[in-house]
Amino acid sequence: MKIIDYFEDAAEIERIVSLGSQRFPELSDVVASIIDEVRKDGDTALFKFTEKFDDFQLNKQNLTVSSKEIEDSLKKVDEKFFKALKHAQKNIKKFHEKQFEKVNLSWDEEIESGVLVGERVNPIDSVGCYVPGGRASYPSTVLMNCIPAKVAGVERIVVVSPPPISPEVRAACSLVGVDELYCVGGAQAIGALAWGTESIQSVSKIVGPGNKYVMAAKTLVYGKVDIDMSAGPSEIAIIADETANPEFITADLLAQAEHDPDARCILVTTEKNLPRKVDADGKQFTAITVDSIDRAIEVVDGLAPEHLEIMTRNAKDVAKKIKNAGAIFVGHYSPVAAGDYASGGNHVLPTAGSARYASPLSVRDFLKTTQITRIEKEGLENLKETIETLAEAEGLVKHKESISVRFKD
């Protein structure tokens, strides 16, 4: 673990804080050509790229997982896994249902006599969820991406995942009520979700994690469809004082490093000797020693980490002072791994400092608002002079006329 003192190496701390989100410009041409070919050749391009990148013979028959196959997958997983999946689903659903109560708020109001305005909240009509696969299996990704969409009322939820799709991922799809499941991954899957093929109808929004090719593809199709975020490698920061357990810190840093060789794992501590008690070696691990908890908060707000753990006295009070973090885990028994799977909050979080302005994936991401305006003649008459004056100032004569025409003698 590299140890940095806040007062002795300010330049290095500034470098760590200023690391930006990965945009993968070097992949743009390669990924764009894949997406263009999918757009042009449809399923044929999916079969070609799946054989090339996944070494899997994809065809019309095995591209689509039937609804019966999805349903039957629940019988193919062991009882212990199914019980865990159900427990996680229950908590994640409860969290997002409470969220929905807070954000599903259509309203209308008469802001002046005869002028009524408001907003109507509606779900997005269709969502595509990318679930990484191939060498690993991520049923938790299905839960975290599809449950908030389901709670929001999205009518069509599509999952794509590289072949072969594990029984665990299929079981999660069945449990949350996924409408369509396709055995395809990579940039080609993102292209199919954005533009559609003979077998896969396009969606309105794409969510879910993936490798750098998937992230580059999501960035390139943004505009044709919406996306959740362009995520970089995973991150954890831990604020700790002398009350923290070094074994807990070691375990949590190593757990985060398990995600990705480029994961960022940072300990910020007021206890000068603590970093030497933490058994986490390698370029991923950095400790920053500071003179106070307030200084630790300042450093963390600059980092704006994806995950933040607080292992200090009065951890709840420290958490209240944090402005920039994707998710905060408060106290010695609140590890990030709990949030990754089963404590209820979403594990799709902003990375690479984007927690300064971005939020975790939520029910909000699957809702949209439409403005509603209804003006009576009396109301428009009250607004007439104001609108005409502003239209004249901007040189938009027809705007003015669209008001005055309604008041001709």
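Further up the page is the structure itself.
The rules behind each value
Residues numbered from 1 in each chain as written. Predicted model: local features only at pLDDT ≥ 70, side-chain atom pairs only at ≥ 80, totals over all residues. Heavy atoms only, no water. Axes fitted to C-alpha atoms, helices over the stretch in contact; angles between N-to-C directions. Helix = DSSP H or I, 4+ residues; strand = E, 2+ residues; numbered from the N terminus. Parallel < 35°, antiparallel > 145°, perpendicular 65-115°, else oblique. Left-handed = near helix turned anticlockwise from the far one by under 90°. Contact = heavy atoms within 4.5 Å. Nonpolar A, V, L, I, M, F, W, Y, C, P; charged D, E, K, R; others polar. Phe/Tyr/Trp six-rings, centres within 6.5 Å; stacked < 30°, edge-to-face > 60°. Buried < 20%, exposed > 50% of the residue type's maximum accessible area, 1.4 Å probe, protein only. Lys NZ or Arg CZ within 6 Å of the ring centre and 35° of its normal. Core = buried A, V, L, I, M, F, W, Y, C linked by side-chain atoms within 4.5 Å.

Novice: Honestly, the packing of helix α6 (residues 79-103) against helix α8 (residues 167-176) in this entry has me stumped. Any pointers?
Specialist: Orientation of α6 relative to α8, taken along the N-to-C sense of each, is 45 degrees, at an axis distance of 11 Å. Between α6 and α8, the crossing angle belongs to the class labelled oblique. The interaxial crossing formed by α6 with α8 has right-handed handedness. Mapping the contact onto sequence places Phe81, Phe82, Leu85, Lys86 and Gln89 in α6 and Glu168, Ala171, Ala172 and Leu175 in α8. Among the residues forming the contact of α6 with α8, the class breakdown is six nonpolar, one polar and two charged.

Novice: When you look at the packing of aromatic side chains in this model, what are you seeing that I'm missing?
Specialist: The description of an aromatic ring pair rests on the distance of the ring centres and on the angle between the ring planes. According to the stated counting rule, one finds two aromatic pairs in the structure shown. With a centroid separation of 5.6 Å and 70 degrees between ring planes, the pair formed by Phe248 and Tyr333 is classed as edge-to-face. Of this pair, Phe248 sits in helix α11 (residues 246-257) while Tyr333 sits in the loop between β14 (327-330) and α15 (336-341), and the two are 85 residues apart along the sequence. Relative accessible area serves as the criterion here: at 26%, Phe248 is assigned to the partly exposed category. When the ring centre of Trp195 is taken as reference, the NZ or CZ atom of Arg39 above it lies at 3.6 Å. Directly above the ring of Trp195 sits Lys224, whose terminal nitrogen or CZ lies 4.9 Å from the centroid.

Novice: I'm lost on the nonpolar core in this one. Help?
Specialist: Soluble globular proteins: nonpolar side chains tend toward being buried together. Core analysis: the biggest nonpolar cluster contains 72 residues, and Val142, Val184 and Ile206 have the highest contact counts within it. Counting residues per element, this core draws most heavily on helix α7 (residues 139-152), which supplies eight residues. Dropping the residues within four chain positions of it, Val184 is found in contact with Leu46, Thr50, Leu58, Leu63, Val160, Ser161, Pro162, Pro163, Ala189 and Ile200. Counting residues in hydrophobic clusters, the runner-up holds 22 residues, among them Ile13, Val300, Ile310 and Ala315.

All quantities given are derived from atomic positions and should not be read as evidence of function.
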